[in-house]
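A structural walkthrough
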Amino acid sequence: MYRKILMRMRMRMMNATRKVVVGWAKEYKRYLSTTTTNQILLSPPLVSVDLPEIWGSTSTLYHHHPSQSPVSLEYYLEFYKRTLYVLQMTCKSFLVQHLDEEKILNLVSLEKDVDGFHPINMGNLSMRGREPLFVPCTPKGCLELLLRSGVEIVGKKAVVIGRSNIVGLPIALLLQRHHATVTIVHACTKNPERITCEADIVVTAAGVPSLIRSSWLKPGAVVIDVGTCPVEDPSAEYGYRLVGDVCYEEALSIASAVTPVPGGVGPMTIAMLLCNTLDSAKRLYGFT
């Protein structure tokens, strides 16, 4: 039964995607013929936010450039249109989540690692003064949400719940690169609620439905919920619905901002995947 449901869902998605791709491809050809210069606002290179490790009150801190606007629909559409056009002209890249990562990553070309999971990319992300070719999509999307929403990161306390190679580890590294004081909470952490309730920024990717209650959150905290968990719901079309790690209704009453599930981090992950794919093709073919 579930297999039939999944097959129907897959067919619907494929048909919808095919129509969208054809429409965007036609639209983008018209777009190219009428537009001479196009710029997309992006976060600064990671190396540019590296600072000397000097402890004291006189250190010069990096501040997010005020000209970078909040995420908008145009931001997604621009990446979709550009990436679809480039893919038509060039080649495909490997999305390796949910496969045997160790075997796949050893075979993936570094220049096509649009997931950002290659050990060299992860290593460069963890080292000051280095820049990875690609930043993992979901952590990159989380950071874009923070930056483009005007959330101050420098000097803030951040707690990352979960330490996976896909989300927890890289988002912790990214937040450190932007000068947050980062604590990682995992399954073996003692008193996780006490630690989390001191955080200005909470990024959770534990995969446990409604793990984070209002008592876990500091008033005014910013909460990024990466968790995606199916729970039974007879009233839903397929008998289940998706929820996050955060008890959303409770979080709304205490947090200054919280991402919903679904519809929060998910679209940003897709946008960042397209961004990475576009960057890969541009490097390969010398596009500017």
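Every value quoted in this text rests on a predicted model; they were computed, and no experiment measured them.

Of regular secondary structure, the chain possesses nine helices and seven strands. Within the chain, the fraction of its 288 residues that count as buried is 38%. A sequence separation of at least 24 residues applies to 64% of the contacts in the chain between residues at least 6 apart. Here the chain has roughly 16500 Å² of accessible surface; of this, 59% comes from carbon and sulfur atoms.

On the surface, a cluster of nonpolar side chains totalling about 290 Å² of accessible area is made up of L284, Y285 and F287. Among the secondary structure elements, F287 is positioned in the segment after α9 (265-285).

It is worth spelling out helix α6 (residues 168-177) at this point. Of all ten residues in α6, eight are buried, a share of seventy percent or more. Those residues of α6 that sit buried are G168, P170, I171, A172, L173, L174, L175 and R177. For α6, the elements touching its buried residues are α4 (119-126), α5 (137-148), β1 (157-161), β2 (181-185) and β3 (201-204). In the segment just after α6, H179 is the residue with positive phi, at about 70°.

This part is about the packing of aromatic side chains. Aromatic rings considered in pairs are described by the distance between their centres and by the relative angle of their planes. Throughout the structure, instances matching the rule amount to one aromatic pair. Its guanidinium or amino end placed over the ring of F134, R283 lies 4.9 Å from that ring's centre, counting from NZ or CZ.

For the chain, mean pLDDT is 78; residues scoring 70 or higher make up 65% of the total. Confidence drops under a pLDDT of 50 for residues 55-73, and excluding neighbours within four residues, the segment shows 24 contacts in the predicted structure.

This structure, assessed with the given rule, holds four salt bridges. A salt bridge links R148 to E144; the shortest N-O distance between them is 2.7 Å. A residue pair is termed a helical-turn pair when its members lie 3 or 4 positions apart in one helix, as R148 and E144 do in helix α5 at four residues. The same class applies to R148 and to E144, which are both buried.

Bringing the side chain of N121 into the picture now. Structurally, N121 is set in helix α4. Ignoring anything within four residues of it in the chain, the contact list for N121 reads L110, D113, G116, P132, L133 and F134.

A separate point is unusual backbone geometry. With an omega dihedral of -5°, the bond running from V261 to P262 counts as a cis peptide bond. For P262, the position within the fold is in the loop between β7 (257-258) and α9. Positioned with a positive phi, H179 is a non-glycine residue whose angle comes to about 70°. Residue classification places H179 among the buried residues on the basis of a relative accessible area of 16%. Unusually for a residue other than glycine, N191 sits at a positive phi of about 55°. Among the structural elements, N191 can be located in the loop between β2 and α7 (192-196). Judged by relative accessible area, which is 49%, N191 ranks as partly exposed.

Counting residues in hydrophobic clusters, the biggest one holds 28 residues, and the most contacted among them are L146, I153, I171, L175, V203 and I224. At the level of secondary structure, the elements contributing two or more residues to this core comprise α5, β1, α6, β3, β4 (222-225) and α9. Here I171 is in contact with P139, C142, L143, V160 and V203, once residues within four sequence places are set aside. V202, I212, V223 and A255 belong to the second-largest nonpolar core, a separate cluster that totals 13 residues.

Right, let's talk about α9 for a bit. Between its first and last C-alpha, α9 extends 30 Å over 21 residues, near the 30 Å set by a 1.5 Å rise per residue. For α9, the full list of buried residues reads V265, M268, T269, A271, M272, L274, C275, N276, T277, L278, S280 and A281. Following α9 by one or two positions, G286 has its phi on the positive side, about 70°.

The rules we used
- Residues numbered from 1 in each chain as written.
- Predicted model: local features only at pLDDT ≥ 70, side-chain atom pairs only at ≥ 80, totals over all residues.
- Heavy atoms only, no water.
- Helix = DSSP H or I, 4+ residues; strand = E, 2+ residues; numbered from the N terminus.
- Buried < 20%, exposed > 50% of the residue type's maximum accessible area, 1.4 Å probe, protein only.
- Contact = heavy atoms within 4.5 Å.
- Areas by Shrake-Rupley, 256 points an atom, 1.4 Å probe, with all protein chains shown as cover.
- Patch = residues over 30% accessible without salt bridge, like charges linked within 9 Å, V, L, I, M, F, W, Y side chains within 5 Å.
- Salt bridge = Lys/Arg side-chain N within 4 Å of Asp/Glu carboxyl O.
- Phe/Tyr/Trp six-rings, centres within 6.5 Å; stacked < 30°, edge-to-face > 60°.
- Lys NZ or Arg CZ within 6 Å of the ring centre and 35° of its normal.
- pLDDT = per-residue confidence, 0-100.
- Core = buried A, V, L, I, M, F, W, Y, C linked by side-chain atoms within 4.5 Å.
- Expected span 1.5 Å × (residues − 1).

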